[in-house]
Amino acid sequence: MNYLLIGPEEYLKKEFLEKIKKSIFTKKESNLNFDIFRAGITEIAKAIDSFNTLPFTSRHRLAIIKDINKLSSKEKDIILNYL
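This section reports on the structure supplied with the text. (Residues numbered from 1 in each chain as written. Predicted model: local features only at pLDDT ≥ 70, side-chain atom pairs only at ≥ 80, totals over all residues. Heavy atoms only, no water.)

Backbone geometry places Thr-57, a non-glycine residue, at a positive phi of 55 degrees. Looking at the element boundaries, Thr-57 is found in the loop between helix 3 (44-52) and strand 2 (62-66). The residue Asp-67 is not glycine, and still its phi comes out positive at about 55 degrees. Residue position: Asp-67 is located in the loop between strand 2 and helix 4 (73-82). With a relative accessible area of 31%, Asp-67 lands in the partly exposed category. (Helix = DSSP H or I, 4+ residues; strand = E, 2+ residues; numbered from the N terminus. Buried < 20%, exposed > 50% of the residue type's maximum accessible area, 1.4 Å probe, protein only.)

And the structure:
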């Protein structure tokens, strides 16, 4: 599944992400299968590599890109094509 969280309310986005994490991971699994990337800091290729990595000791993997509005048009196209 893919989610796009937008808007100014950081608390609601954080709360939603915590609910997702709790619904798919145990605490032990989340450390191994959860990545956060920051647009403008992390190369988009690293995020795509994470998207393509199979989960370890879990059925799911969760990868997040924060501040996606900071991505270039080319980087946004790469993500959209991936999705």
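Let's pick the thread back up.
On to the layout of surface pockets, then. Over the atoms rolls a probe the size of a water molecule, and in doing so it shows where empty space is left. In this structure, the largest pocket spans a volume of roughly 1,400 Å³. Looking at the largest pocket, it is lined by 36 residues, and the ones nearest its centre are Tyr-3, Leu-62, Ala-63, Ile-64 and Ile-65. Going through the elements one at a time, helix 1 (10-24), strand 1 (34-38), helix 3, strand 2 and helix 4 are the ones with two or more residues in the lining of the largest pocket. Ranked by residue count, the leading element in the lining of the largest pocket is helix 1, at 9 residues. Taken together, the residues of the lining of the largest pocket break down into 20 nonpolar, 6 polar and 10 charged. (1 Å grid on protein atoms, 1.4 Å probe; cavity = no way out; pocket = protein on both sides within 12 Å on 5 of 7 lines; lining within 4 Å. Points joined across faces, edges and corners; volume = space filled by probe spheres on them. Nonpolar A, V, L, I, M, F, W, Y, C, P; charged D, E, K, R; others polar.)

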